[in-house]
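Per-entry structural report
Now for the letters of each chain:
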Amino acid sequence: MKNLELIKIIFESMKKPLCVVTILVLIFSGCYYDKYDKLYPPSTSATCDSTNVTYSVTVTGIINSYCMQCHSTNNSGGSGGILLDSYSALNNYVASGQLMGDVKQQSGFFPMPPNTKLSNCDIAKLQKWVNDGAPNN
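These remarks concern the structure in this document. (Residues numbered from 1 in each chain as written. Predicted model: local features only at pLDDT ≥ 70, side-chain atom pairs only at ≥ 80, totals over all residues. Heavy atoms only, no water.)

Quick word on the overall build of the protein
A tally of regular secondary structure across the protein gives six helices and zero strands. Evaluated residue by residue, the protein yields a buried proportion of 25% over its 137 residues. Across the protein, contacts joining residues at least 24 apart in sequence account for 46% of those joining residues at least 6 apart. Carbon and sulfur atoms make up 60% of the accessible area of the protein, which totals about 9800 Å². (Helix = DSSP H or I, 4+ residues; strand = E, 2+ residues; numbered from the N terminus. Buried < 20%, exposed > 50% of the residue type's maximum accessible area, 1.4 Å probe, protein only. Contact = heavy atoms within 4.5 Å. Areas by Shrake-Rupley, 256 points an atom, 1.4 Å probe, with all protein chains shown as cover.)

Notes on the side chain of Gln127
Relative to the helices and strands, Gln127 is located in helix α6 (residues 120-131). Looking at Gln127, its side chain comes within polar contact range of the side chain of Lys104, at 2.7 Å. (Polar contact = N/O pair within 3.5 Å; in protein donor to acceptor, adjacent residues only side chain to side chain.)

Re the state of the cysteines
Counted by the stated rule, this structure contains one disulfide. Covalently, Cys48 is tied to Cys121 through a disulfide, its sulfur atoms 2.1 Å apart. Note on the Cys48 and Cys121 pair: the S-S dihedral is about 90 degrees, so by sign convention the disulfide is right-handed. One end of the pair, Cys48, is in the loop between α2 (36-39) and α3 (55-66); the other, Cys121, is in helix α6, and 73 residues separate them in sequence. Side by side, Cys48 and Cys121 carry an identical accessibility label, which is buried. (Disulfide = S-S within 2.5 Å.)

A word on the environment of Cys48
With relative accessibility at 14%, the residue Cys48 sits in the buried group. When the C-alpha positions of Cys48 and Asp122 are compared, they lie 8.3 Å apart, and in sequence the two are 74 residues distant. For Cys48, the residues in contact, after removing those within four places along its chain, are Cys121 and Lys125.

Some points on the pattern of salt bridges
Applying the stated criterion across every chain, the model contains one salt bridge. The partner of Lys128 in a salt bridge is Asp132, and the shortest N-O contact between them spans 2.9 Å. (Salt bridge = Lys/Arg side-chain N within 4 Å of Asp/Glu carboxyl O.)

Here's the deal with the nonpolar core
Of all hydrophobic cores here, the largest spans 20 residues; its most connected members are Val59, Ile63, Leu84, Leu90, Leu99, Leu126 and Trp129. Mapped onto this core, the elements with two or more residues apiece are α3, α4 (87-95), α5 (98-103) and α6. Not counting residues up to four positions away in its chain, the partners in contact with Leu84 are Ile63, Cys67, Met68, His71, Ala89, Leu90 and Tyr93. (Core = buried A, V, L, I, M, F, W, Y, C linked by side-chain atoms within 4.5 Å.)

Some remarks on the side chain of His71
Within the fold, His71 resides in the loop between α3 and α4. Assessed through its relative accessible area of 9%, His71 is described here as buried. Side-chain polar atoms of His71 contact the backbone oxygen of Ile82, separated by 2.7 Å.

Considerations on the packing of α3 against α6
Two measures define how a pair of helices packs: the angle their axes make with one another and the distance between the axes. Here α3 crosses α6 at 130 degrees, and the two axes come no closer than 11 Å. Comparing the axis directions of α3 and α6 gives the class oblique. Here α3 and α6 pass one another in a crossing that is left-handed. Here Tyr55, Thr58, Val59, Ile62 and Tyr66 of α3 come into contact with α6, specifically with Asp122, Lys125, Leu126 and Trp129. Class assignment for the residues of the contact of α3 with α6 results in six nonpolar, one polar and two charged. (Axes fitted to C-alpha atoms, helices over the stretch in contact; angles between N-to-C directions. Parallel < 35°, antiparallel > 145°, perpendicular 65-115°, else oblique. Left-handed = near helix turned anticlockwise from the far one by under 90°. Nonpolar A, V, L, I, M, F, W, Y, C, P; charged D, E, K, R; others polar.)

By themselves, these observations are geometric and do not establish any function.
Written out as structure tokens, the structure reads:
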């Protein structure tokens, strides 16, 4: 009988700390995944190669995909007076600083393309081309 009483006393003395430890484990393990995107942001460097950016392939590909629906001589309206269907026309837009302000959708610029946004990779490619002096390559 004494052993049973001793076990009961030990169990009763451990009950409180065991509850506290269990509650703390549940609280902290529940918070771990709350900020998953902050803890593990998606890597764009592995999928986005902005090292070999050329006007003839990279830039025209982006411009043709996102801009030419409105900003070409084939479109009579909606272009806002900005034509991007030649290197010289695009270069004027780049020189004014408007291209990167618009595609990055910065304050004070017109968000382009409207109702959507270029991917971070496409923006990085355009920025690399602009930073390199917007060569006609």
